[in-house]
Amino acid sequence: MNKILITLITAFLYILFSSWGFYAHKKINESAVFLLPTELAIFYKKNIKEITNKAIDADKRCYTDSLEPPRHYIDINEIDDNIDSIPVHWRKATEKYTERKLIAAGIIPWQISRTYQNLVQAFKIKDRNKIIRYSADLGHYIADSHVPLHTTSNYNGQQTNQIGIHAFWETRLPEMFAKHYNLFIGTASYVNKPLEAAWEIVRKSNTMVDSVLTLEKELSQTFRPSDIKAYIERNNQLILMYSDAYATAYHDVLNGMVERRFRSSVHAVSSYWYSAWIDAGQPKLNSLDSTNGLENEIEAKEGIKSLGRQEWH
Ligand SMILES: [Zn+2]
């Protein structure tokens, strides 16, 4: 009985906080390093293990910090019937809906912007540890914003009798299929307006909510209920999960959606890192070692002019 209870609790927490799944988050941060221009890639490659491992720190904080969970999603339908009616800027949005309502619904686009600004500052003061921490966190939030079910209050299909679909889409499918995803994604590009770009990502994710739910609902009607889920071994435990056959069929009817969102995440993560470095004035990072940052050496100055859409190839 205890074992069943522990398994249930583990599965519940996993579903609740495992956005994109640990595997996918790590893979997205790791892959993003290879889209960076050489000068920046040297630093990121040197620290790739840490940036990869810390890709899931933001999810871990959900266990200990009550302010953390709303940073990972935004339930658009809880805020407004029309996503385009929501003011892009935090202050204007709070004036329209109140801060309390927004925090209850989730704040991911603003969190991306805030973490971006933190990363810019970390680059300016050349603080190696902060650059790594904010890069990893920014990668996490950007990846989460690409997941359609992170933009709706029906995030786990609980309103449509599809409980479990959250981890199904973002954890089970990438774990099964990401090894076949095409990771030749080009190169990072400069993000002109990080907050607006974050909203653009959220808007696109939100357009896919209906397909994610409807396609699974339709598919479930073509399978015998006993074939939809199966006991699969995970960490020496048997957990009732969507069967391999059902997962394959769902991945097929989604017609590449998960791969496209995965690839788009990698490109966006790399582009935001690159842009933060540009906005910080392209600091030289080769002298940063693993023990100390050079905090305070360079005073963080507001308003360093962006160099704009710099291409390096
Ligand atoms: Zn998350």
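For the structure, check the block above.
This section reports on the structure supplied with the text.

Moving on, we get to the pairing of strand β2 (residues 237-242). One ladder, built from six bridges, connects strand β1 (residues 229-234) with β2; its direction is antiparallel. Its bridge partner lying in β2, isoleucine 232 is registered against isoleucine 239.

Between side chains of opposite charge, pairing is possible as soon as their charged atoms come close. Enumeration according to the criterion identifies 13 salt bridges in this entry. Across the pair glutamate 68 and arginine 61 runs a salt bridge, and its minimum N-O distance is 3.2 Å. For glutamate 68, a relative accessible area of 0% gives the class buried. With a relative accessible area of 25%, arginine 61 lands in the partly exposed category. One salt bridge in this structure joins glutamate 200 and arginine 203, with 2.7 Å as the shortest N-O distance. Here glutamate 200 and its partner arginine 203 are both found in helix α12 (residues 194-207), three residues apart, which amounts to about one turn of the helix. By relative accessible area, which is 46% here, glutamate 200 ends up partly exposed.

Right, let's talk about the packing of aromatic side chains for a bit. Considering all chains together, one arrives at 12 aromatic pairs under this definition. A centroid spacing of 5.6 Å and a plane angle of 85 degrees characterise the contact between phenylalanine 43 and tyrosine 44, whose relative ring orientation is edge-to-face. Take phenylalanine 43: its relative accessible area is 3%, and that puts it in the buried class. On the accessibility criterion, tyrosine 44 (0% relative accessible area) is buried. Judged by centre distance (5.8 Å) and plane angle (85 degrees), the rings of tyrosine 116 and tyrosine 272 are edge-to-face. Of this pair, tyrosine 116 sits in helix α9 (residues 108-124) while tyrosine 272 sits in helix α16 (residues 257-279), placing them 156 residues apart in sequence. We classify tyrosine 116 as buried; its relative accessible area is 1%.

Cut-off values and rules
- Residues numbered from 1 in each chain as written.
- Predicted model: local features only at pLDDT ≥ 70, side-chain atom pairs only at ≥ 80, totals over all residues.
- Heavy atoms only, no water.
- Pairing = 2+ DSSP bridges.
- Helix = DSSP H or I, 4+ residues; strand = E, 2+ residues; numbered from the N terminus.
- Salt bridge = Lys/Arg side-chain N within 4 Å of Asp/Glu carboxyl O.
- Buried < 20%, exposed > 50% of the residue type's maximum accessible area, 1.4 Å probe, protein only.
- Phe/Tyr/Trp six-rings, centres within 6.5 Å; stacked < 30°, edge-to-face > 60°.

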